[in-house]
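Structural characterization, general
If you want the building blocks of each chain, they are given just below.
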Amino acid sequence: MGKKVIAIGNMLMMDDGVALLILDKIKKRLEDKGIETIIGETDVEFCFSLLNELDVFYIMDSTYYGNVPGTVTFKSLDDIKKFKDNSRSIHSLGLIDLINMYRMDIKGYFIGIEISNIDINLGLSNILQGRVEDVSQKVIRFII
């Protein structure tokens, strides 16, 4: 049983790509600990094809819960699957829907990173740029 981190998002849509940027920043530290990293972008089918019932998965995505931008939310996948209608994740709903549809018993966690702005633009909003280091450290501590 191994650990795998999947980042979902779109770098062309500002803060929507925050999970991709964070995973890219912490990738080496995770891989040094034997944790596989996967840049899933918005390809839900690709991400779904990597899931199995043996490994522990950390699915990272941008969220909109109404919290302060850069707030990191950690939830078990079991909780997300039970209460998926209340989720404000931008992309993982499709992945969670597939997990539920195929009745997969996926172990792991959802890591949500609160956004400030989604727009057609490369790079994060100023407020999120200022939180990248803090978010990265919180994610590393949670996963390792």
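Scroll up to find the structure this text is about.
Cut-offs used in this document
- Residues numbered from 1 in each chain as written.
- Predicted model: local features only at pLDDT ≥ 70, side-chain atom pairs only at ≥ 80, totals over all residues.
- Heavy atoms only, no water.
- Helix = DSSP H or I, 4+ residues; strand = E, 2+ residues; numbered from the N terminus.
- Rg over C-alpha atoms; globule rule 2.2 N^0.38 Å.
- Buried < 20%, exposed > 50% of the residue type's maximum accessible area, 1.4 Å probe, protein only.
- Contact = heavy atoms within 4.5 Å.
- Areas by Shrake-Rupley, 256 points an atom, 1.4 Å probe, with all protein chains shown as cover.
- Lys, Arg positive; Asp, Glu negative; His and termini not counted.
- Charge placed at Lys NZ, Arg CZ, Asp CG, Glu CD.
- Salt bridge = Lys/Arg side-chain N within 4 Å of Asp/Glu carboxyl O.
- Core = buried A, V, L, I, M, F, W, Y, C linked by side-chain atoms within 4.5 Å.
- Phe/Tyr/Trp six-rings, centres within 6.5 Å; stacked < 30°, edge-to-face > 60°.

Counting secondary structure elements, the chain contains 6 helices and 5 strands. Secondary structure elements of the chain occur, N-terminal to C-terminal, as β-α-β-α-β-β-α-α-β-α-α. Against the 2.2 N^0.38 benchmark of 15 Å for 144 residues, the chain shows a C-alpha radius of gyration of 14 Å, consistent with a compact globule. Each of the three principal axes of the chain carries a C-alpha extent, and together these read 40 × 35 × 25 Å. Buried residues in the chain amount to 47% of all 144 residues. When contacts within the chain are restricted to residue pairs at least 6 apart in sequence, those whose partners lie at least 24 apart make up 79%. Looking at the chain as shown, the accessible area adds up to about 7,300 Å², and 51% of this sits on carbon and sulfur atoms. In the chain, 17 positive and 21 negative side-chain charges are present, and the distance between their average locations comes to 7 Å.

Moving on, we come to the pattern of salt bridges. One pass over the full model with this rule turns up 6 salt bridges. Members of the salt-bridge network, linked through shared partners, are Lys 4, Glu 36 and Asp 55.

Below, the discussion takes up the nonpolar core. Val 5, Ile 22, Leu 30, Met 60, Val 139 and Ile 143 are the most contacted members of the largest nonpolar core, which totals 23 residues. For this core, the elements supplying multiple residues, two or more each, are β1 (3-8), α1 (18-32), β3 (56-63), β5 (107-114) and α6 (132-143). Per element, the largest residue contribution to this core is 7 residues, and it comes from α1. Each residue touching Ile 22, except ones within four places of it in the same chain, is listed here: Met 60, Ile 113, Val 132, Val 135, Ser 136 and Val 139. Counting residues in each nonpolar core, the second largest holds 18 residues, with Val 44, Leu 51, Ile 80 and Leu 98 among its members.

The next point concerns unusual backbone geometry. Unlike most non-glycine residues, Glu 41 shows phi in positive territory, near 50°. Here Glu 41 lies in strand β2 (residues 36-41). A relative accessible area of 45% means that Glu 41 is categorised as partly exposed. Non-glycine residue Arg 103 carries a positive phi angle of around 50°. Residue placement: Arg 103 occurs in the loop between α4 (92-101) and β5. On the basis of relative accessible area, Arg 103 is assigned to the exposed category, the value being 74%.

Time to look at the packing of aromatic side chains. For the coordinates displayed, the defined rule picks out 5 aromatic pairs. Plain terms: the ring middles of Tyr 109 and Phe 142 are 5.2 Å apart, the flat faces sit at 90° to each other, and that makes the pair edge-to-face. With Tyr 109 in strand β5 and Phe 142 in helix α6, the pair connects residues that are 33 residues apart, well separated along the chain. Under the relative-accessibility criterion, Tyr 109 is labelled partly exposed at 33%. Under the relative-accessibility criterion, Phe 142 is labelled partly exposed at 29%.

Time to look at the environment of Met 13. Counting through the fold element by element, Met 13 comes out in the loop between β1 and α1. Met 13 sits 105 residues away from Ile 118 along the chain, and the two C-alpha atoms are 5.6 Å apart. Leave out the neighbours within four places in its chain, and Met 13 touches Asn 117, Ile 118, Asp 119, Ile 120 and Asn 121.

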